Amino acid sequence: TTTTTTTTTAAASETFTFQAEVSRLLDIIINSLYSNKDIFLRELISNASDALDKIRLLSLTDPDALRTGKELEVRISVDKEKGVLVIRDTGVGMTKEELVRNLGTIAKSGTSAFIDQVTKGAVGGDGDEAEDGDASGMNLIGQFGVGFYSAFLAADKVQVVSKGNGDDGQHVWESAADGNFAVYEDPLAEERPLGRGTQLNLFIKEEAKEYLDQNVLADLVKQYSQFINYPIFLLEEEKRDIEVEATEEDEIVDDDEDDNDDDNDDDEEEEEEEDEEEGPKMVTKTITEEVWRRKNDAKAIWLRNPSEVEDEEYSAFFKTIAKGQFHTADPEPFAKSHFKAEGDVEFRSILYIPKDKPRELQQQERGQAQGMGTRSRIKLFVRRVFISDSFSDLIPSYLNFVIGVVDSDTLPLNVNRESLQHHASLKTIKKKLIRKTLDMLKKMADKEKADKDENEEEPDTMYTEFWKTYGPYLKMGVIEDQPNRIRLSKLIRFKSSHSEFNNEEDDAFTDFASYISRMPENQKKMYYLIGGSVEEVKSSPFAEKLKKRGYEVIYFTEPLDEYLMQYLVEFNDYKFQNAAKEDLSLDDTDDDKKKQKQVRQHFRPFTKWWKELLSSSRPDIDSVKVSNRLVDSPCVVVSSKYGYTANMEKIVKAQAMADKNAAKMYLGKKVLEINPWHPSIKKLKALYEDDAEAQEVKEAATLMYETSLLESGFEPQDPRMYAKAVYNVLNDKLGVDKDAPIVDDFVYEEEKKEEEEEEAAEEETVDFDFADKEEL
């Protein structure tokens, strides 16, 4: 900076001029660096906290440092008449030279210099006796040196009144961000002696008058600085009623009221006279007082050892950080994880899994909050100062129901401390948060499973409750998070054909590991079906042979499951097999395979004829085969190996933005599988062998295929034609000729009675003739 001496209204002040390029930088900081004006208070309180930390550290080796006052605190007040916001701390303070050096040089951080001094041993000796006196415990906040200038977001002029222990006088730094700043001895030092510390006077801009509202300031302190180590007091106005002796004006008002009340009886007058004789008349008045109230009573419990924190403290802390995110007034967590991460990136964290789904997630599921994106519920702190909760890089979207805090001294923040720099350490933090969250879930699941295995009278059901609330999110994790897919798959729960888990109404679920433990020795794959409900898949013909052989079938009943199983190919070296697709492998013996081959050869002319019949009007039919999966059903339609299942077709068609033409490309071919031992199939084959060209045979084969489509979950190609074919079959059963005409042969009776009643009503009508209708 260059220095020039000028005459100002303040006594013996020196005016300094910013260098041209620095003046431009100051304009950028004020108008472009910060996107949210509210953070100016966070920055200034953070600076005050740093100043308090400095004097505390100095006092560890020099008790005389606190000779001017042992209270370490921040006080905030407003003068609405003058439009001034005052922020006062009892920190280390600054001398005149430090005011010029630290505030007159952009990006010059006194905090950084202080840390350098401590690191070099210039402060506090060797630091061995000082708590947090080493460099690792002193990662103070304001190390960029630009946070102070955020004050100009809300103020058009800023005064910094400060006094350090080593300074005899009290000095003022003043600037209007116009390219100049002044430093002078405080002419009001006797009226406002600081003793030690700094007082900021912010002359608030006209368009920022909301920052003179005590409620707004209180909210900002709670949002950004509620975990600061030092007490933050706000001067608030409080109204209360008091009893005072009535004045002459009060008595005149009372007399006027008495004159207007003529209904007072003699007894009341006598009582009033007695009251006057007893003593002076008292009245109730409302007065306004100014009271200092602390605004940051929440404790940063994540900085403590987990063994030192009580369950009640964890519960209270959860309510603090989760406030306003739930419909319920008293939310509770399923589980928590409190840990300190060390290594390349050091940070402390507490994570919670809430019992109730956050309100925003519920709105997103109902399609009412599309604009909210995937906002994280992890609050980021730096040295207990809240930075943001909108960093999507800290935790994946499938875990965005997790609520918690992350506090790190080494996070790569941008200079405005509103956003994170893209840095390799972010991946490390994200990885550890995911791991800790999944560990929490695993402990819940293991505890519940152990209780059931031990036949506890009241087994733990917490994980089941979690699964009912957040199950789809873990399935999304399997789809999105390839590195953690195996770990997530162990947490998946589902219904199955096992008698213990096939009731849709109860809360009994099983998992893949338990499924494998119940598999017969000859079973080589894990079979599953996907449908709209447990009852639907339970009655599906696809798994008839599987159930008969004693194979358990997994039941999936959510639309997301179709996508899930595209990514979940195997579990513990057992491959998954969709029972609704062709080429179902049942681990048959060689003898079984030879018998099936003979049956297929015997039915080949019949299946070939049926396929040719269907292909003429249904291009999506791929083949007709003898089935090895059916027991009771005559036939079933399955999807080709890489085509959509019936359930997937429904999902695609139901999508709001679905392109019908594009969807046809992915539908795939259909395969009709027939049960060679079913009486209906045997009869149809016999009719085919008698006369393959008979119209009745063709219609029966077509109708059987269309009916099988419905039973398999598909839609008929032409519902009207299918309905017509069904009616023809019904007519045949009822003995109705298909060419019988539709005739209205109902015998109607003439309704004379109503006509006679109408005529009688007309005869009884009376016409009133009023003498003067206008008068009426």
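Coordinates for the structure precede this section.
So, how was this worked out
Residues numbered from 1 in each chain as written. Predicted model: local features only at pLDDT ≥ 70, side-chain atom pairs only at ≥ 80, totals over all residues. Heavy atoms only, no water. Axes fitted to C-alpha atoms, helices over the stretch in contact; angles between N-to-C directions. Helix = DSSP H or I, 4+ residues; strand = E, 2+ residues; numbered from the N terminus. Parallel < 35°, antiparallel > 145°, perpendicular 65-115°, else oblique. Left-handed = near helix turned anticlockwise from the far one by under 90°. Contact = heavy atoms within 4.5 Å. Nonpolar A, V, L, I, M, F, W, Y, C, P; charged D, E, K, R; others polar. Buried < 20%, exposed > 50% of the residue type's maximum accessible area, 1.4 Å probe, protein only. Pairing = 2+ DSSP bridges. Salt bridge = Lys/Arg side-chain N within 4 Å of Asp/Glu carboxyl O.

S.K.: Please explain the packing of helix α16 (residues 560–567) against helix α18 (residues 646–654) as it appears in this structure.
M.R.: The description of two helices packed together rests on the angle between their axes and the distance between the axes. At a minimum axis distance of 9 Å, the contact between α16 and α18 shows a crossing angle of 120 degrees. By the angle class used here, α16 and α18 are oblique. Where α16 crosses over α18, the two elements pack in a sense that is left-handed. Here E562, Y563 and Q566 of α16 come into contact with α18, specifically with N647, M648 and I651. Broken down by class, the residue content of the contact of α16 with α18 amounts to 3 nonpolar, 2 polar and 1 charged.

S.K.: What is the right way to look at the pairing of strand β18 (residues 553–556) in this model?
M.R.: Side chains on a regular strand alternate between the two faces of the sheet. Every second residue of β18 is oriented toward a common face, with V553 and Y555 on one face and I554 and F556 on the other, all of them buried. Pairing analysis gives 2 bridges linking strand β16 (residues 495–496) to β18, with the strands arranged antiparallel. Within β18, the residue paired with S496 across the bridge is I554. Looking at chain direction, strand β17 (residues 525–530) and β18 are connected through 4 bridges and run parallel. Paired with I530 across the strands is F556, a residue of β18.

S.K.: Sorry if this is basic, but what is going on with the sheet that holds strand β21 (residues 621–626) here?
M.R.: Two pairing modes exist for strands in a sheet, parallel and antiparallel, and in both the strands are linked by backbone hydrogen bonds. Here we have 3 strands laid out as an open sheet, ordered β21-β23-β22, and mixed in their pairing. One side of each edge strand has no neighbouring strand; the edge strands of this open sheet are β21 and β22 (635–639). Strand-to-strand twist in this sheet, taken as the mean axis angle between neighbours without regard to direction, amounts to 25 degrees. Summarising the sheet, β21 and strand β23 (residues 670–674) pair through 5 bridges and their orientation is parallel. Bridged to V624 within β23 is L672. Packed on one face of the sheet, helix α21 (residues 695–711) meets β21, β22 and β23 and runs near 60 degrees to β22.

S.K.: Explain the pattern of salt bridges to me, please; I cannot follow it from the model alone.
M.R.: Working definition: two side chains of opposite charge can pair if their charged atoms are close together. Within the structure shown, the criterion is met by 35 salt bridges. Measuring nitrogen to oxygen at the nearest pair gives 3.1 Å for the salt bridge that ties D620 to K670. Residue D620 is located in the loop between α17 (590–615) and β21, and its partner K670 is located in strand β23; the two are separated by 50 residues in the primary sequence. With relative accessibility at 26%, the residue D620 sits in the partly exposed group. Between E689 and K685 there is a salt bridge, and its shortest N-O distance comes to 2.4 Å. In this pair, E689 and K685 both sit in helix α20 (residues 679–690), 4 residues apart, roughly one turn of the helix. Of the residues examined, K685 reaches a relative accessible area of 10% and is grouped as buried. Several salt bridges share partner residues, and in doing so they unite E236, E238, R293 and K295 into one network.

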